[in-house]
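As a plain string of letters, each chain reads:
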Amino acid sequence: MLKGISTREDALLAIEHGVDVVYVSNHGGRQLDHSIASTSALVEVVDAVKGRAKVLVDGGFCRGTDIAKAIALGADGVGLGRMMYFALAAAGAVERMLERLVEEYRVALGLLGVHSGAQLNQSYIHHVEAIQHETALLSAFPLLKEVELD
Ligand SMILES: Cc1cc2nc3c(=O)[nH]c(=O)nc-3n(C[C@H](O)[C@H](O)[C@H](O)COP(=O)(O)O)c2cc1C
């Protein structure tokens, strides 16, 4: 497994060297500031690999829908970094966090009308240039602005 791939060229080198798993990652953005986001690199890496190795991706995966997006873009699986630490900080609830992620992913598949991730593809992805409206207080994703709870 080779981790830290974010270009077609490096993916092809990895394949040349016979790796089993090409792992798309910018190491959580903790190394080179402003490096390309993993999900942005994922499509060209999947295209370069052409099924000759498994493709994993990590970087910012927090919700079941995040996982669904990665699978739709061609990843075979996703990795988690900080989520493990967040769960550890929340009374060590790593198992519960993983259960919730799996459940969210399962529900997302159902709501997308498919039985498994294998049925997802890029047609399920809609690209937006910018956030189209502010998130509301009761949104599942109220992360984009600070909210005050009385
Ligand atoms: C505290 C910490 C230490 C890490 N150390 C390494 C490391 O030594 N080598 C490495 O390849 N990635 C390292 N990473 C990156 C993770 O392996 C992983 O790529 C990244 O955290 C995924 O993004 P996420 O945290 O948004 O899920 C580290 C991440 C964190 C949070």
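Residues numbered from 1 in each chain as written. Predicted model: local features only at pLDDT ≥ 70, side-chain atom pairs only at ≥ 80, totals over all residues. Heavy atoms only, no water.

## Let's talk about the overall build of the protein chain
Phase 1 of the analysis: Counting its secondary structure elements, the protein chain contains 5 helices and 4 strands.
Phase 2 of the analysis: When its helices and strands are written in sequence order, the protein chain yields β-α-β-α-β-α-β-α-α.
Phase 3 of the analysis: A total of 150 residues make up the protein chain; the buried ones form 31% of that total.
Phase 4 of the analysis: Summarising the internal contacts of the protein chain: among those between residues at least 6 apart in sequence, 46% fall at separations of at least 24. (Helix = DSSP H or I, 4+ residues; strand = E, 2+ residues; numbered from the N terminus. Buried < 20%, exposed > 50% of the residue type's maximum accessible area, 1.4 Å probe, protein only. Contact = heavy atoms within 4.5 Å.)

## Concerning the sheet that holds strand β4 (residues 77–79)
Phase 1 of the analysis: Judged by pairing direction, the sheet is parallel, and its 4 strands sit side by side in the order β1-β2-β3-β4 without closing on themselves. Pairing within the sheet leaves two strands with one partner each, and these edge strands are β1 (2–5) and β4. Here the average twist between neighbouring strands, direction ignored, is 30 degrees. (Pairing = 2+ DSSP bridges. Axes fitted to C-alpha atoms, helices over the stretch in contact; angles between N-to-C directions.)

## Regarding the packing of aromatic side chains
The geometry of two aromatic rings is summed up by the distance between their centres and the angle between their planes.
Phase 1 of the analysis: Under the criterion given, the structure shown has 0 aromatic pairs.
Phase 2 of the analysis: Sitting over the ring of Tyr23, Lys3 keeps its end group 5.7 Å from the ring centre. (Phe/Tyr/Trp six-rings, centres within 6.5 Å; stacked < 30°, edge-to-face > 60°. Lys NZ or Arg CZ within 6 Å of the ring centre and 35° of its normal.)

## Considerations on the pattern of salt bridges
Phase 1 of the analysis: Scanning the model with the defined rule gives 5 salt bridges in all.
Phase 2 of the analysis: A salt bridge links Lys50 to Asp47; the shortest N-O distance between them is 3.7 Å.
Phase 3 of the analysis: Taking the relative accessible area as the measure of exposure, Lys50 reaches 59% and is therefore exposed.
Phase 4 of the analysis: On the accessibility criterion, Asp47 (37% relative accessible area) is partly exposed.
Phase 5 of the analysis: Across the salt bridge formed by Glu104 and Arg63, the nearest N and O atoms sit 3.3 Å from each other. With Glu104 in helix α5 (residues 94–112) and Arg63 in the loop between β3 (54–58) and α3 (64–72), the pair connects residues that are 41 residues apart, well separated along the chain.
Phase 6 of the analysis: Of the residues examined, Glu104 reaches a relative accessible area of 23% and is grouped as partly exposed.
Phase 7 of the analysis: In this structure Arg63 comes out as partly exposed when scored by relative accessible area, which is 26%.
Phase 8 of the analysis: Where salt bridges share partners, they join Arg8, Asp47 and Lys50 into one cluster. (Salt bridge = Lys/Arg side-chain N within 4 Å of Asp/Glu carboxyl O.)

## Details of the nonpolar core
Phase 1 of the analysis: Residues Val22, Val24, Leu42, Val45, Val49, Val57 and Leu120 are the most contacted members of the largest nonpolar core, which totals 33 residues.
Phase 2 of the analysis: When residues of this core are traced back to their parent elements, those giving at least two are α1 (8–16), β2 (21–24), α2 (38–49), β3, α3, α4 (82–89) and α5.
Phase 3 of the analysis: Leu120 has contacts with Ala68, Ile71, Ala72, Leu109, Leu112 and Val114, leaving out every residue within four places of it along the chain. (Core = buried A, V, L, I, M, F, W, Y, C linked by side-chain atoms within 4.5 Å.)

## A closer look at the site of the ligand
Phase 1 of the analysis: In the neighbourhood of the ligand, the contacting residues comprise Lys3, Ser25, His27, Gly28, Arg30, Asp58, Gly59, Gly60, Leu80, Gly81, Arg82 and Tyr85.
Phase 2 of the analysis: Asp58 places a polar side-chain atom, nitrogen or oxygen, 2.6 Å from an oxygen atom of the ligand.
Phase 3 of the analysis: In this structure, an oxygen atom belonging to the ligand sits 2.7 Å away from a main-chain N or O atom of Gly60.
Phase 4 of the analysis: The fraction of the free accessible surface of the ligand (610 Å²) that becomes covered by protein chains is 64%. (Near = heavy atom within 4 Å. Polar contact = N/O pair within 3.5 Å; in protein donor to acceptor, adjacent residues only side chain to side chain. Areas by Shrake-Rupley, 256 points an atom, 1.4 Å probe, with all protein chains shown as cover.)

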